[in-house]
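# Descriptive structure summary
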Amino acid sequence: MPFSTINGRNVPIKIWAPLEEVDSKVIGQLKNVAGLPWVAHHVAVMADVHAGRGATVGSVIAMRGAIAPAAVGVDIGCGMAAIETSLRATDLPDDLRALRAAIERAIPVGMDAHPAAAWEGTTDELRTDGAAMMEGYRNLAAAPKGLGPRVACQAGTLGGGNHFIEVCLDTQDTVWLMLHSGSRHIGKLLADHHIERAQRLQHNQALADRDLAVFLAGTKAFDGYRRDLYWAQEYALFNRRVMLHLLSEVIRRFWPRVALGAPISCHHNYVAEETHFGEDLLVTRKGAIRAGRGDLGIIPGSMGTKSFIVRGLGNRNSFESASHGAGRRMSRGEARRRFTLADLREQTAGVECRKDPGVIDEAPKAYKNIDHVMAQQDDLVEIVAELKQVVCVKG
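Described in the following lines is the structure provided in the data block. Keep in mind that this is a model prediction, so the values were computed, not measured. (Residues numbered from 1 in each chain as written. Predicted model: local features only at pLDDT ≥ 70, side-chain atom pairs only at ≥ 80, totals over all residues. Heavy atoms only, no water.)

### Focus: the overall build of the protein
Each helix and strand in the protein was counted, giving nine helices and 17 strands. On C-alpha atoms alone, the protein measures out to a radius of gyration of 20 Å, which is about the 21 Å that the 2.2 N^0.38 rule sets for 395 residues. If you line up the protein on its principal axes, its C-alpha atoms span 60 × 50 × 40 Å. Residue burial in the protein is summarised as follows: out of 395 residues, 58% are buried. Within the protein, contacts between residues at least 6 apart in sequence are counted, and of these 75% link residues at least 24 apart. Carbon and sulfur atoms form 50% of the exposed surface of the protein, whose accessible area is close to 15,800 Å². Between the centroid of the 47 positive side chains of the protein and the centroid of its 45 negative side chains there is a distance of 5 Å. (Helix = DSSP H or I, 4+ residues; strand = E, 2+ residues; numbered from the N terminus. Rg over C-alpha atoms; globule rule 2.2 N^0.38 Å. Buried < 20%, exposed > 50% of the residue type's maximum accessible area, 1.4 Å probe, protein only. Contact = heavy atoms within 4.5 Å. Areas by Shrake-Rupley, 256 points an atom, 1.4 Å probe, with all protein chains shown as cover. Lys, Arg positive; Asp, Glu negative; His and termini not counted. Charge placed at Lys NZ, Arg CZ, Asp CG, Glu CD.)

### Describing the packing of helix H5 (residues 184-199) against helix H6 (residues 220-254)
If you want to describe how two helices pack, look at the angle between their axes and the distance between the axes. Closest axis-to-axis distance for the H5/H6 pair is 10 Å, and the angle between their directions is 160°. Our classification of the angle between H5 and H6 gives roughly antiparallel. Our pair here, H5 against H6, has a crossing hand that is left-handed. Residue-level inspection shows Arg184, Ile186, Leu190, His194 and Arg197 of H5 in contact with H6, the latter providing Ala221, Gly224, Tyr225, Asp228, Trp231, Ala232, Tyr235 and Asn239. Tallied by class, the residues present in the contact of H5 with H6 amount to seven nonpolar, three polar and three charged. (Axes fitted to C-alpha atoms, helices over the stretch in contact; angles between N-to-C directions. Parallel < 35°, antiparallel > 145°, perpendicular 65-115°, else oblique. Left-handed = near helix turned anticlockwise from the far one by under 90°. Nonpolar A, V, L, I, M, F, W, Y, C, P; charged D, E, K, R; others polar.)

### A few points about the packing of helix H2 (residues 97-106) against H6
Interhelical geometry of H2 versus H6 gives an angle of 140° and a closest axis separation of 9 Å. In this structure, H2 crosses over H6, and the sense of that crossing is right-handed. Judged by residue contacts, Ala98, Leu99, Ala102, Ile103 and Ala106 of H2 engage Leu246, Leu247, Val250, Ile251 and Phe254 from H6.

### A few points about unusual backbone geometry
Even without being glycine, Arg184 reaches a positive phi, approximately 55°. Here Arg184 is to be found in helix H5. On the basis of relative accessible area, Arg184 is assigned to the buried category, the value being 13%. The phi angle at Phe319 is positive, at roughly 55°, despite the residue not being glycine. Tracing the backbone shows Phe319 in the loop between strand E15 (306-312) and strand E16 (321-323).

### As for the environment of Glu279
Topologically, Glu279 is positioned in strand E12 (residues 279-286). Given the relative accessible area of 26%, Glu279 is considered partly exposed. Each C-alpha atom, one on Glu279 and one on Arg64, is 8.5 Å from the other, the two residues being 215 residues apart in sequence. The contact partners of Glu279, leaving out residues within four places of it in the chain, are Arg64 and Glu274. Among the polar contacts made by the side chain of Glu279, one reaches the side chain of Arg64 at a distance of 2.7 Å. (Polar contact = N/O pair within 3.5 Å; in protein donor to acceptor, adjacent residues only side chain to side chain.)

### Observations regarding H2
For an α-helix, 3.6 residues make a turn, and residues three or four places apart therefore share a direction. Taken as a whole, H2 has its buried residues at Leu99, Arg100, Ala102 and Ile103. Buried residues along H2 cover an arc of 160° about the axis, so they all sit on one side. Exposed residues on H2 whose side chains face more than 90 degrees from its buried face are Arg97 and Arg105. Where H2 is buried, its residues contact strand E7 (164-170), H6 and strand E17 (381-394). (Arc of directions from axis to C-beta.)

### Some words on the packing of aromatic side chains
A full pass over the atoms with the stated rule returns seven aromatic pairs. Between Phe277 and Phe319, the aromatic rings sit 5.9 Å apart at their centres with planes inclined by 85°, giving edge-to-face as the arrangement. Taken as a pair, Phe277 in the loop between strand E11 (269-276) and E12 and Phe319 in the loop between E15 and E16 lie far apart in primary sequence, 42 residues in all. Taken together, Tyr137, Trp231 and Tyr235 form an aromatic cluster joined through their ring pairs. Positioned above the aromatic ring of Tyr367 is the side chain of Arg328, whose terminal nitrogen or guanidinium carbon lies 4.9 Å from the ring centre. (Phe/Tyr/Trp six-rings, centres within 6.5 Å; stacked < 30°, edge-to-face > 60°. Lys NZ or Arg CZ within 6 Å of the ring centre and 35° of its normal.)

Have a look at this one:
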């Protein structure tokens, strides 16, 4: 699908979603971003776009010498990981409750943490990287006092909301493992701290939306934020690596001879320093994955629909990006008002997962149609594998 273009005050806005499906609040947020004096070339908007804090979820914003913390998102480094296994659908038992229970015992969900740093009992590589992560934590510009032990124990935990762990089947009946999580409580604390700090800076006082406050390159505040931001992105990646190890150990207990492929991993709330249109720029992807030519990525649907392993096509107009998922079509509050437990059970039929009031806001129909989203970005990515979950663990 070709993108549509609308005018912004300083740069145009290129949108991969049908304009009639983009509500006025989202358009307002996009125009506020396009009016920032530091934004370069254009704003790229993905097919799963919906309103967020300051910047929309599903937007790619390239800036010259500036970063807006709210354009990254409060779950810094949130992203996906997936592994193809040697298992086939016929290897799975008819009743998957024991497998889901084993995953939930191995990996804390919601606000829970491990009783001790889980990475210390894993591999030499994870132990070395975990120690380095904690050394980096002590050097953060905004390290919360006394939180270090919890930061260590939350590495390898899922969290809540739309985070998940899944066992999936592809269209060839091969079993995949997939998960979605970010930088946990510490990432949100760092994001909130720096958003509030940026809002107090003089150069941000006249902005149409103070949630779009930026740090300017060459300042102490910018350097402090970038150090904390990059650490949180690495912590989020490390969190997923530990979870993949723990999940793999669960699978090996059920199937000792299983072979596991190389992990596929991608952030979808992050900053990268990249060159586009001949300029060195600071690119924030909030609810978007990098889709450079040949890049492998993961685009999930919901807890009752498809997900996709994709390969980037390197489209320069999207800053080599694609959507990070289906995207919500209604708020969590609206989903809780609209759907019943019967609706949730119907929408997750055939999936071994929670079917209780605590996950009604994650009902599949609270999300956009993932097939439509994929069709709208066929110039951004090509599909490598189509997955459907049979087990889904939610926080």
